[in-house]
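Analysis of the macromolecular model
Given next are the chains, with one letter for each unit.
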Amino acid sequence: MLQTIRENSQGIIAKAIVGLIIVTFALFGVESLIGLANSEKPPAEVNGAEVSAVDLQRGVELQRRRILAQMGEDADPAAIDENLLRRQVLDALVNQEIQLQSAEEQGLYLSDAMIDQMIVSTPDFQIDGRFDPNQFESTLRTVGMTPLMYRQLLRKEQLIGQERSAYQLSAFATPAQVKQLLALDRQTRDIAWTRLSRDAVEEGLEITEADLEARYEANLDRFMTEPQVVLSYVELNQADFADPEAVSDADVRGAYEQELARFEADEERDAAHILLEVGDAGEAEVRAEAEALRQRILDGEITFAQAAEEFSADPGSAAQGGELGFNARGVFIGPFEDTLFGMQSGELSEPVRTEFGYHLIKLNDIRATEAPSYDERAPILRAELAAQQAEAGYVEALERLADLSFSSADLEVPAEELGLAIQTTEPFAETGGSSELTNNSKVLRAAFSADLQDEGLNSAPLELTRERAVVVRVKENIPARQLAFEEVEAQLEAELRQERGSEALSARAEALIEALSEGKPLDQVEPDLSWSVAADMARESDQAPLAVNRLAFEMSRPAGERPVYAEVALSDGDLAVVELSAVNEADLSDVDAEMLRQMGGFMANRNGQLSYQARLEAIEAAAEVERN
């Protein structure tokens with residue numbers, strides 16, 4: 001056989017194939033042949049560039065971790081819709097690739113040195129204020145990233161951010177635009193409004209039995225109940241295994257001795273402080289101000305408490321003379337704490353710089369913490385030991401419950417073996433019930449699963465919390481049924497009354513507006529109504545309901561002296577008819593250059609955001625995206 005292979009390998013075709021392989025290795029490497037064998041399409045392509053499956057997988061995993069962290073200790077991974085999560089992450093990666101390509105087309109660039117500087121200056125990668133490579137790598141490992149992956153991600157985000165900043169920082173607003181915006185913002189309007197009551201209209205409506213029956217027949221599909229189940233269940237609770245009386249005094253004494261051995265006497269310090277913020281003032285100026293204030297306190301010109309009340313920018317302590325009370329280490333920010341715990345009782349510190357500004361710290365007193373007595377700790381330690389023993393018993397019983405529920409045809413045996421009561425739920429649908437148990441996602445999935453519905457099995461133990469678990473089985477299936485007319489009659493009447501009331505109320509408002517627009521006075525058209533007046537009303541003023549205010553500033557200004565009218569729905573369901581009689585232009589004589597500058601900056605920033613958003617919409621619409 002080997003001889004045959006050797007002979008065949010001398011042919012022209014074989015030599016051509018070998019030559020092709022050699023050229024492929026030389027030009028493209030071994031990955032090219034591996035790629036030929038693995039031709040699976042990437043999740044998406046953006047303008048010909050691939051969104052890799054690795055990036056998608058990593059993004060999905062990171063997002064899953066975030067969701068589970070938000071769910072808390074009782075997080076259930078099965079509750080996450082994996083398909084939805086994958087689509088959301090893929091959409092985000094596609095949008096990121098579109099933005100990245102746009103930034104690269106603009107010639108934006110980020111050097112390796114700039115990325116290095118960003119990494120070493122990131123606080124999460126530092127220990128004691130200095131970059132630590134081990135901290136850097138361990139932090140990345142917690143999110144499933146390597147340093148190279150992080151650098152690539154950082155480069156992408158910064159390039160996209162550069163283009164965004166370019167649009168936002170290059171935008172501007174002209175002085176005329178700024179004045180126009182100020183004029184609109186300060187414009188006021190003279191209005192009046194009257195309220196049309198929904199309740200009064202609905203009370204006067206006549207809803208007949210025939211009306212209700214006709215609506216019922218036309219909406220039979222709406223009035224079907226959902227299929228429901230009734231469950232039987234047994235519950236295992238860790239608290240039932242806790243027995244403080246079973247914990248011996250010797251065990252409590254031993255736990256107390258261990259606690260004493262671990263106890264380290266610490267101290268607490270009673271301090272007060274004065275905070276001077278840097279803000280727009282210069283660094284040197286504020287420090288000099290702090291030093292001068294310190295000297296005034298030392299000279300007795302002013303007490304520390306008086307200085308704190310007058311000068312401190314800390315609203316939480318200034319009114320109390322700067323007092324912070326007794327605190328141990330770990331409460332205050334680094335430089336503040338380091339200074340405080342290096343002072344002598346009664347000492348006043350030099351100015352201490354933190355991210356909040358400059359502090360003057362006064363140390364009032366020092367006290368050492370003492371180990372608690374046995375009598376103080378014994379009840380607590382006894383309860384803790386009982387809880388530890390209960391946890392062990394609970395875990396053992398939970399394993400036993402799993403075995404019994406799997407091998408039993410009902411809940412009688414598990415209940416008898418473990419001394420549990422068989423309980424019953426109220427009927428509930430797949431959307432959930434009213435109790436904690438019937439609204440639990442794990443219970444809902446189990447109750448309507450094929451194992452319980454079709455096979456009539458017991459569920460596996462379902463952990464409601466870390467200390468509670470249940471085993472459930474279907475006791476009764478309640479099929480969907482058509483609700484009788486009598487069961488939904490009240491709902492039908494409420495719906496009809498609301499719909500017809502809205503129609504009647506709107507028709508009344510339209511008729512009123514038509515009459516008022518013709519110049520007829522309100523008391524002649526609707527004698528029971530009256531105007532509420534708001535003269536010279538500003539935007540978002542509380543002179544009128546919010547809906548009325550907003551409508552008033554959306555209405556066209558009156559032509560001549562005749563008012564204009566419109567209607568608006570109020571939050572309580574009533575309607576208001578609004579009369580706009582005058583638009584009052586703003587007086588801008590008090591507007592100074594600084595206000596114009598600030599308003600111009602705000603408008604420019606807003607214009608930049610809108611410009612960049614328009615850019616994104618344009619490039620996203622033009623991008624050729626293929627999702628596989």
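In this model helix α13 (residues 283-298) runs 23 Å from its N-terminal to its C-terminal C-alpha over 16 residues, within 8% of the 22 Å that 1.5 Å per residue would give. Inspection of α13 places Val-286, Ala-290, Leu-293, Arg-294 and Ile-297 among the buried residues, and these make up the whole buried set. Take α13 and look down its axis: the buried residues cluster within an arc of 105°, on one side only. When the buried face of α13 is taken as reference, the exposed residues oriented beyond 90 degrees from it are Ala-284 and Glu-285. Of the surrounding secondary structure, the elements contacted by the buried residues of α13 are β7 (267-276), α14 (304-311) and β10 (357-368).

Next up on the list: the nonpolar core. Val-51, Val-94, Ile-119 and Tyr-150 are the most contacted members of the largest nonpolar core, which has 29 residues in total. Breaking this core down by element, the ones donating at least two residues are β1 (44-46), α4 (53-71), α5 (82-105), α6 (112-120), α7 (133-142), α8 (147-170) and α23 (593-622). With eight residues, the top contributor of residues to this core is α5. If sequence neighbours within four positions are ignored, Ile-119 has contacts with Phe-125, Phe-131, Phe-136, Tyr-150, Arg-151 and Leu-154. Formed by 17 residues, the second largest nonpolar core is a distinct cluster that contains Ala-534, Leu-551, Phe-553 and Ala-566.

Okay, the packing of aromatic side chains next. Here the structure, examined in full by the defined rule, presents 12 aromatic pairs. Between Phe-136 and Tyr-150 the ring centres are 6.1 Å apart and the planes differ by 70°, which places this aromatic pair in the edge-to-face class. With Phe-136 in helix α7 and Tyr-150 in helix α8, this residue pair connects regions lying 14 residues apart in the sequence. Phe-136 sits in the buried class, given a relative accessible area of 8%. Among the aromatic side chains, those forming a connected cluster through ring pairs are Phe-125, Phe-131, Phe-136 and Tyr-150. The ring of Tyr-374 has Arg-253 lying over it, and the distance from NZ or CZ to the ring centre is 3.7 Å. Over the ring of Tyr-358 we find Arg-353; its NZ or CZ atom is 5.4 Å from the centre of that ring.

Pairing is antiparallel across the open sheet formed by four strands, whose spatial order is β15-β5-β17-β16. Either end of the sheet is taken by a strand with one partner, and the two such strands are β15 (532-537) and β16 (564-569). This sheet shows a mean twist of 25° between the axes of neighbouring strands, independent of strand direction. In this sheet, strand β17 (residues 575-584) lies alongside β16 in antiparallel orientation, the contact comprising six bridges. Bridge assignment links Ala-566 to a residue of β17, and that residue is Val-578. Lying on the sheet, helix α20 (residues 485-517) is in contact with β5 (188-196), β16 and β17; it crosses β16 at an angle near 165°.

Here we come to the pattern of salt bridges. Tallying each qualifying case throughout the model produces 32 salt bridges. Salt-bridge contacts for Glu-585 lead to Arg-557; the nearest nitrogen and oxygen are separated by 2.9 Å. Of this pair, Glu-585 sits in the loop between β17 and α23 while Arg-557 sits in the loop between α22 (546-552) and β16, and the two are 28 residues apart along the sequence. Its relative accessible area of 45% is what places Arg-557 among the partly exposed residues. Several salt bridges share partner residues, and in doing so they unite Glu-61, Arg-64, Arg-65 and Glu-82 into one network.

So, about unusual backbone geometry. Even without being glycine, Asn-47 reaches a positive phi, approximately 50°. Owing to a relative accessible area of 41%, Asn-47 belongs among the partly exposed residues under this scheme. One non-glycine residue, Asp-536, lies in positive phi territory at about 55°. A relative accessible area of 46% places Asp-536 in the partly exposed class.

A separate point is a negative patch on the surface. Where like charges cluster on the molecular surface, the negative patch consists of Glu-209, Glu-213, Glu-217 and Glu-486. At three residues, the largest contribution of residues to the negative patch is made by helix α11 (residues 209-218). Its place among the elements puts Glu-209 in helix α11.

This part covers the confidence of the model for the protein. Low pLDDT means the predicted coordinates in that region are not meant to be read closely. When the pLDDT values of the protein are averaged, the result is 87; 92% of them are 70 or greater. Confidence drops under a pLDDT of 50 for residues 1-38, and excluding neighbours within four residues, the segment shows 10 contacts in the predicted structure.

Criteria and thresholds
Residues numbered from 1 in each chain as written. Predicted model: local features only at pLDDT ≥ 70, side-chain atom pairs only at ≥ 80, totals over all residues. Heavy atoms only, no water. Helix = DSSP H or I, 4+ residues; strand = E, 2+ residues; numbered from the N terminus. Expected span 1.5 Å × (residues − 1). Buried < 20%, exposed > 50% of the residue type's maximum accessible area, 1.4 Å probe, protein only. Arc of directions from axis to C-beta. Contact = heavy atoms within 4.5 Å. Core = buried A, V, L, I, M, F, W, Y, C linked by side-chain atoms within 4.5 Å. Phe/Tyr/Trp six-rings, centres within 6.5 Å; stacked < 30°, edge-to-face > 60°. Lys NZ or Arg CZ within 6 Å of the ring centre and 35° of its normal. Pairing = 2+ DSSP bridges. Axes fitted to C-alpha atoms, helices over the stretch in contact; angles between N-to-C directions. Salt bridge = Lys/Arg side-chain N within 4 Å of Asp/Glu carboxyl O. Patch = residues over 30% accessible without salt bridge, like charges linked within 9 Å, V, L, I, M, F, W, Y side chains within 5 Å. Areas by Shrake-Rupley, 256 points an atom, 1.4 Å probe, with all protein chains shown as cover. Lys, Arg positive; Asp, Glu negative; His and termini not counted. Charge placed at Lys NZ, Arg CZ, Asp CG, Glu CD. pLDDT = per-residue confidence, 0-100.

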